[in-house]
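Below are the chains, spelled out letter by letter.
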Amino acid sequence: MNELDDLYQEVILDHQRNPRNYARLPTANRQAEGANPLCGDQVTVYLDVKDGIIRNISFEGEGCAIAKASASMMTSVIKGKSLAEASDTFKRFHQMITDGQDPCFDLEAMGKLAVFSGVNAFPVRVKCASLAWHTLNAAMHKPEATAATDEAKKDPEK
Ligand code: ZN
C-alpha cells in the first residue's frame, strides 16, 4: 500500500468515526431515504433549501465505513452549494466511482472526494459510496415538503 492509499484510508476512517452533520435536521424542507440491501447500508438525507441554495444538509443512517464516510463527506462538500452545483457534483462523483479508468477524468477537480476514486475497482463498494449521493439526488428532485409524505405515492422520476 502506498502513501496515498494510507492518506485516503485515514480520511475515510476519520469521517466514519466522526461523521459530519450526523443528525436530524429540524429545518429540513426536503428529505429522502436510501438503502443498499447488498451491504445493509441505510441513509436518510435532510436538506434545507431556500432560493435554490442548500443552506443546510445532514444525514442519519447505519452502514459500513465507506457508506458512512461517503455520506459524511458529501454533506460537508454540498453544504452551501446551489442545487445545480450539487447536481453537477453528484454526476461527477458518480462518474468517478463507476468509470474511474477514464484518463480524461479530472480527478484533481474532485478535491477531497477523490479519496473515493479507488472504489471503482470494487463493484459492491461502489453502491456503498454512492448511496448517500443517490439519496441526495432524490431529495433534491422532490418538491418542498409541505405536509406528511405519502408513502404509497410513486416517485415520478422512476
Ligand atoms: Zn456498505
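Refer to the structure presented above.
Residues numbered from 1 in each chain as written. Predicted model: local features only at pLDDT ≥ 70, side-chain atom pairs only at ≥ 80, totals over all residues. Heavy atoms only, no water.

Engineer: Mind showing me how you'd approach the side chain of T89 here?
Structural biologist: Tracing the backbone through its elements, the reader meets T89 in helix α3 (residues 83-98). Once you skip the residues sitting within four places of it in the chain, T89 turns out to touch V77, I78, K81, L113 and W133. (Helix = DSSP H or I, 4+ residues; strand = E, 2+ residues; numbered from the N terminus. Contact = heavy atoms within 4.5 Å.)

Engineer: Mind showing me how you'd approach the packing of aromatic side chains here?
Structural biologist: For any pair of aromatic rings, the description consists of the separation of the ring centres together with the inter-plane angle of the planes. Tallied over the full model, the rule gives 3 aromatic pairs. On the numbers, 6.0 Å between centres and 70° between planes, the contact of F93 with F116 is edge-to-face. Taken together, the residues span a long stretch of sequence, with F93 in helix α3 and F116 in the loop between α3 and α4 (123-140) at a distance of 23 residues. The exposure class of F93 is buried, given its relative accessible area of 1%. Since its relative accessible area comes to 0%, F116 is described here as buried. By the ring-pair criterion, three or more aromatic residues cluster together here, those being F93, F116 and W133. (Phe/Tyr/Trp six-rings, centres within 6.5 Å; stacked < 30°, edge-to-face > 60°. Buried < 20%, exposed > 50% of the residue type's maximum accessible area, 1.4 Å probe, protein only.)

Engineer: Just to check I follow, could you spell out the coordination of the zinc ion for this structure?
Structural biologist: Tetrahedral coordination by four donors puts the ideal angle at the metal at 109.5 degrees, and octahedral coordination by six puts it at 90 or 180 degrees. In the first shell of the zinc ion, the protein supplies C39 (SG), D41 (OD), D41 (OD), C64 (SG) and C128 (SG), at 2.2 to 2.7 Å from the metal. Going along the chain, you hit the donors of the zinc ion in the pattern C-x1-D-x22-C-x63-C. Of this pair, D41 sits in strand β2 (residues 41-50) while C128 sits in helix α4, and the two are 87 residues apart along the sequence. Summarising the burial analysis for this pair, D41 and C128 share the class buried. (Donors = N, O, S within 2.8 Å, 3.2 Å for Na, K, Ca; no water.)

Engineer: What exactly am I supposed to notice about the sheet that holds strand β3 (residues 53-62) here?
Structural biologist: Whenever strands of a sheet pair, they do so through backbone hydrogen bonds, lying parallel or antiparallel. Strands sit in the order β1-β2-β3 across an open sheet of 3 strands; the sheet is antiparallel. Of all strands in the sheet, those with a lone pairing partner are β1 (30-36) and β3, marking the two edges. Shown here is a sheet whose adjacent strand axes are inclined to one another by a mean of 20°, direction ignored. One ladder, built from 9 bridges, connects β2 with β3; its direction is antiparallel. Looking across to β3, one finds that V43 is bridged to G61. On top of the sheet, helix α2 (residues 65-78) reaches β2 and β3; it is set at about 170° to β3, its chief contact. (Pairing = 2+ DSSP bridges. Axes fitted to C-alpha atoms, helices over the stretch in contact; angles between N-to-C directions.)

Engineer: It is not clear to me how the pairing of β2 should be interpreted in this structure. Could you clarify?
Structural biologist: The side chains of a regular strand alternate, residue by residue, between the two faces of the sheet. For β2, the tally of buried residues reaches 8 of 10 residues, placing the bulk of the element in the interior. Bridging between β1 and β2 involves 7 bridges; their strand directions are antiparallel. Counted as the bridge partner of G34 is V43 from β2. The antiparallel hairpin formed by β1 and β2 contains 4 residues in its connecting segment, where G40 sits at a positive phi of about 90°.

Engineer: What exactly am I supposed to notice about the packing of α3 against α4 here?
Structural biologist: The description of two helices packed together rests on the angle between their axes and the distance between the axes. Following both chains from N to C, one finds α3 and α4 inclined at 160°, their axes separated by 10 Å at the closest point. With respect to each other, α3 and α4 are oriented roughly antiparallel. Along this stretch, α3 crosses α4, giving a crossing that reads as left-handed. Mapping the contact onto sequence places L83, A86, S87, T89, F90, F93, H94, I97 and T98 in α3 and V126, A129, S130, W133, H134, N137 and M140 in α4. (Parallel < 35°, antiparallel > 145°, perpendicular 65-115°, else oblique. Left-handed = near helix turned anticlockwise from the far one by under 90°.)

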